[in-house]
Amino acid sequence: MTLSKIRTFALLGALLAPALPAPAAAQAPALTPVTFSLDFRALGRHAAWYVALDKGYYREAGLNVTIIAGQGTAQAIQALESGIVQFAFSDVAGLVAARANSNATAKMVAVIYQKAPYAVFSWRSGVNVTRPEQLQGLEIGSGAGSFTQKVIEAFMTERGLSRPATYTNVDPSARIGMLAAKRIPAIETFVMSQPGIHRAIGAGETSTFLLADHGLMLYSNGILVREDYLKANPALVRGFIAASLRGWRDTIANPGEAADIVVRLNRGLEREVALEEIAIVNNLVVTPLSRRGGIGVIDADQMQHSVDLILKTTGGARVTAAQVYDASFLPQPPVTP
């Protein structure tokens, strides 16, 4: 065989040879899909979760996270217990109620809102509620069976305020309008309603009395996971929590960037309102304890106090603090604000 024929056959062999598969090390590892339920539709207050998503923190943890809207804290827990979602953003009050009245197995693995968002709004030129003592005998727009009303009552009892507030039944959708028209001296609602109240009345005319700033010790919203999922997927849970807390850290450090992200990923949100909500929830997240122990920190004594207060106001079967939380999945070192 001539040298030219040998070269021809060698070239044909190279062209016809099957392509070798890429080395396994070059292939990206598969991401684990998980679904996370908010407590409500996506709003500015939820920016931190979208920051973690947009910046790839979940992907770095090996997770393909889908964030879905909720229809209240109780519904978020139901979605978790039914297996529709693997993680939920809900509150300690809803968790205690679910534990007391059903076969719920959810546990809180990170407390995001270290301070509860229950607030009383009034006119500065009116009753101007700035001290707990002013709640005595105050007419407050509330609703039948409102948990906030029960929290106010428990708060007043703890401070030895013997003359209770009075409550007028006002639909939640009408409360801000009633206050703006001065048809009622004060209303109770979550502090996240502040942007809407400021627009209806004026920021300089509004007095916001956040119970947590005056001694209310009550944990609120955090990350919930079922017990069986915790046992089966400890590394995954740790990864989700750490990635989420990184999103919160960035949101606290740069609210403007967080507002841009949540507005871009959720049509219909106004950036200015989103930014105001971010400032409000950042105040609930950042406390002396979370500065020391990290975002999401769970103090055993405060959790016990929270559970006891909730049981006093709602009744139901006895639930222990140990049943509702597990702090062992929080990252070490902690993610500090």
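The rules behind each value
Residues numbered from 1 in each chain as written. Predicted model: local features only at pLDDT ≥ 70, side-chain atom pairs only at ≥ 80, totals over all residues. Heavy atoms only, no water. Pairing = 2+ DSSP bridges. Helix = DSSP H or I, 4+ residues; strand = E, 2+ residues; numbered from the N terminus. Axes fitted to C-alpha atoms, helices over the stretch in contact; angles between N-to-C directions. Core = buried A, V, L, I, M, F, W, Y, C linked by side-chain atoms within 4.5 Å. Buried < 20%, exposed > 50% of the residue type's maximum accessible area, 1.4 Å probe, protein only. Domains from an automatic or database assignment. Contact = heavy atoms within 4.5 Å. Right-handed = clockwise from strand over helix to strand, strands pointing away. Buried area = accessible area lost by both parts, 1.4 Å probe. Salt bridge = Lys/Arg side-chain N within 4 Å of Asp/Glu carboxyl O. Phe/Tyr/Trp six-rings, centres within 6.5 Å; stacked < 30°, edge-to-face > 60°. Parallel < 35°, antiparallel > 145°, perpendicular 65-115°, else oblique. Nonpolar A, V, L, I, M, F, W, Y, C, P; charged D, E, K, R; others polar.

### So, the sheet that holds strand 3 (residues 87–91)
What the five strands build is an open sheet, ordered 2-1-3-10-4; its pairing is mixed. A single partner strand is all that each edge strand has here, and the edge strands are strand 2 (63–68) and strand 4 (106–111). Neighbour to neighbour, the strand axes of the sheet diverge by 30° on average, direction disregarded. Of the strand pairs in this sheet, strand 1 (residues 32–37) and strand 3 are connected by two bridges, and their pairing is parallel. Bridging from a neighbouring strand, S37 pairs with A88 of strand 3.

### Details of the nonpolar core
Ranked by size, the top nonpolar core spans 64 residues in total, and within it W49, F87 and I223 carry the most contacts. Per-element accounting of this core gives the leading share, eight residues, to helix 10 (residues 234–253). Looking at which domains feed residues into this core, each of domain 1 (32–114 + 219–323) and domain 2 (118–214) gives three or more. Not counting residues up to four positions away in its chain, the partners in contact with F87 are V34, T35, F36, S37, L80, I223, L224, V225, Y229, L236, V237 and F240. Counting residues in hydrophobic clusters, the runner-up holds 48 residues, among them V96, A100, Y118 and I298.

### Details of the environment of I77
Relative to the helices and strands, I77 is located in helix 4 (residues 73–81). I77 gets classed as buried once you look at its relative accessible area, which sits at 3%. In the structure, I77 is positioned 142 residues away from Y219 in sequence and 16 Å away in space, judged by C-alpha atoms. Setting aside chain neighbours within four positions, we find I77 in contact with S90, G94, L95, A98 and L224.

### So, the pairing of strand 7 (residues 166–169)
Relative to strand 7, strand 6 (residues 139–142) runs parallel, the two being bridged by four bridges. Looking across to strand 7, one finds that E139 is bridged to T166. Read from strand 6 through helix 6 (residues 147–158) to strand 7, the crossover connection turns out right-handed.

### Brief notes about the domain arrangement of the protein chain
One frequently used descriptor of interface size is the decrease in accessible area upon assembly of the parts. What the domain assignment reports for the protein chain is domain 1 (32–114 + 219–323) and domain 2 (118–214). Residue-level contacts link 17 residues of domain 1 with 13 residues of domain 2. The contact between domain 1 and domain 2 buries some 1,200 Å² in all, and 65% of this surface belongs to carbon and sulfur atoms. Between domain 1 and domain 2 we count two salt bridges in total.

### Looking at unusual backbone geometry
Along the chain, Q332 connects to P333 via a cis peptide bond; the corresponding omega equals 0°. Along the chain, the position of P333 falls in the segment after helix 15 (321–324). Notably, N128 is not glycine yet its phi reads approximately 45°, a positive angle. Looking at where N128 falls in the secondary structure, it is placed in the loop between strand 5 (118–123) and strand 6. The partly exposed category is assigned to N128, whose relative accessible area is 24%.

### Quick word on the packing of aromatic side chains
Per the stated rule, a full pass over the model turns up eleven aromatic pairs. A ring pair is formed by F87 and F240, whose centres lie 3.9 Å apart and whose planes are at 15°; its orientation type is stacked. With F87 in strand 3 and F240 in helix 10, the pair connects residues that are 153 residues apart, well separated along the chain. Ring centres of F89 and Y113 lie 5.4 Å apart, and the angle between their planes is 85°; this geometry places the pair in the edge-to-face category. Of the two residues, F89 is situated in strand 3 and Y113 in the loop between strand 4 and strand 5; the sequence distance between them amounts to 24 residues.

### A look at the pattern of salt bridges
Taken as a whole and judged by the stated rule, the model has 17 salt bridges. The residue R45 makes a salt bridge to E277 at a minimum N-O spacing of 3.1 Å. You can see R45 sitting in the loop between strand 1 and helix 2 (47–54) and its partner E277 sitting in helix 12 (residues 271–285), a full 232 residues away along the chain. You'll find R45 and E277 in the same group, each marked buried. Two residues, R159 and E158, come together in a salt bridge whose shortest N-O distance is 3.4 Å. If you follow the salt bridges from partner to partner, you end up with K55, R249, D250 and E257 in one network.

### Here's the deal with the side chain of Q194
With respect to the helices and strands, the residue Q194 is situated in helix 8 (residues 194–201). Judged by relative accessible area, which is 18%, Q194 ranks as buried. Discounting residues that sit within four places of it in the chain, Q194 has contacts with F121, T208 and I280.

### Details of the packing of helix 2 against helix 11 (residues 255–265)
Contact geometry for helix 2 and helix 11: axes closest at 9 Å, N-to-C directions at 85°. Taken together, the axis directions place helix 2 and helix 11 in an arrangement best described as roughly perpendicular. Counting all contacts with helix 2, which are made through A47, Y50, V51 and D54, the residues of helix 11 involved are A258, I261, V262, R264 and L265. Residues belonging to the contact of helix 2 with helix 11 are distributed by class as follows: seven nonpolar, no polar and two charged.

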